[in-house]
Amino acid sequence: MKNLLTLRQSKTESMTGSKARSKTGVRSGVVLAAVALALAGCGTTAGASPDDADGAAEPAGQSVTLADGWVKAADSGMSAAFGELTNAGPDDVTVVSATTEASSMLELHETVENESGEMIMREIEGGFVIPAGETVTLAPGGSHIMLMDLTDPLEAGEEATFTLTFADDSTFEFTAPVKDYSGANENYVGGDAEMDMGDADSGADSGADRMGTDD
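Everything in this summary refers to the structure shown in the same document. On a predicted model such as this, the values are computed, not experimentally measured, just so you know. (Residues numbered from 1 in each chain as written. Predicted model: local features only at pLDDT ≥ 70, side-chain atom pairs only at ≥ 80, totals over all residues. Heavy atoms only, no water.)

### As for the nonpolar core
Then, in step 1: Membership of the largest hydrophobic core comes to 30 residues, with the highest contact counts inside it found for Val-71, Val-95, Ile-145, Leu-147, Phe-162, Leu-164 and Phe-166.
Then, in step 2: Discounting chain neighbours no more than four positions away, the residues touching Leu-164 are Leu-85, Val-95, Ser-97, Ala-98, Ile-145, Ser-170, Thr-171, Phe-172 and Phe-174.
Then, in step 3: Among the nonpolar cores identified, the runner-up in size contains eight residues, and Trp-70, Met-78, Ala-80 and Met-146 belong to it. (Core = buried A, V, L, I, M, F, W, Y, C linked by side-chain atoms within 4.5 Å. Buried < 20%, exposed > 50% of the residue type's maximum accessible area, 1.4 Å probe, protein only. Contact = heavy atoms within 4.5 Å.)

### Points about the packing of aromatic side chains
To describe a pair of aromatic rings, you give the distance between the ring centres and the angle between the ring planes.
Then, in step 1: Enumeration over the complete set of coordinates arrives at four aromatic pairs.
Then, in step 2: Look at Trp-70 and Phe-82: their rings are 4.6 Å apart centre to centre, the planes differ by 40 degrees, and that puts the pair in the tilted class. One end of the pair, Trp-70, is in strand β1 (residues 64-72); the other, Phe-82, is in strand β2 (residues 79-87), and twelve residues separate them in sequence.
Then, in step 3: Judged by centre distance (6.2 Å) and plane angle (25 degrees), the ring pair of Phe-172 and Phe-174 falls under stacked.
Then, in step 4: Phe-172 sits in the buried class, given a relative accessible area of 15%.
Then, in step 5: Every member of this aromatic cluster is reached through a ring pair, and the members are Trp-70, Phe-82 and Tyr-181. (Phe/Tyr/Trp six-rings, centres within 6.5 Å; stacked < 30°, edge-to-face > 60°. Helix = DSSP H or I, 4+ residues; strand = E, 2+ residues; numbered from the N terminus.)

### Comments concerning the pattern of salt bridges
Pairing is possible between side chains of opposite charge, provided their charged atoms come close.
Then, in step 1: Summed over all chains, the structure comprises one salt bridge.
Then, in step 2: A salt bridge links Arg-122 to Glu-110, with the shortest nitrogen-to-oxygen separation between them at 3.0 Å. On the criterion of sequence distance, the pair formed by Arg-122 in strand β5 (residues 119-123) and Glu-110 in strand β4 (residues 106-113) is long-range, its members being twelve residues apart. (Salt bridge = Lys/Arg side-chain N within 4 Å of Asp/Glu carboxyl O.)

### Section: the pairing of β1
Looking along a regular strand, one sees side chains alternate from face to face of the sheet.
Then, in step 1: As paired elements, β1 and β2 share six bridges and run antiparallel to each other. Each residue of the ladder has a partner; that of Ala-67, found in β2, is Glu-84.
Then, in step 2: Count of turn residues in the β1/β2 antiparallel hairpin: six residues, of which Gly-77 carries a positive phi of about 80 degrees.
Then, in step 3: Sheet topology note: the β1/strand β10 (residues 171-179) ladder contains two bridges and is parallel. Residue pairing for β10: Val-71 is matched across the bridge by Val-178. (Pairing = 2+ DSSP bridges.)

In structure tokens, the structure reads:
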């Protein structure tokens, strides 16, 4: 009888141990699954796209704005567009080209002094770089968007729409009013051409534009 009780007790303990190990294994599996889910969740932020997780940069065209834009009035030939381009993004952006229905040919220009001390306009190599969080001013006597061949007269009071293209192929569109202005008469030097933008003026104010810029 004693041996029989001992055998039954041994079987009971064995079954109890098996159940305990089984429950422990289940709990361990649940814990491991929860840890795996938590680690997977750390890979991306809730609601974020894979591009966001990889730190993909915002298109340049979405981070740039233009303030105080205006275009120089002209009957024909050449004109220019000005304003303040601000980059609110975390990375530098580069304007590589511009288009408008007002002109069949546009260039991004800078104004520099030549060896003779004359101020000349020339195409800026690589385009306008707008540093992150900063503003680049396009103004008479400085950098500007040059309209090389007007399709129609630009008359004061009208508006002209431009599209800027950035190095990442994104774009930004803005519309600016046309204003009379007697300045911005620097010579343009490009290839074999040399032109004076002042030759394209029509009805210019005497000495200053309507934004208060001195000649």
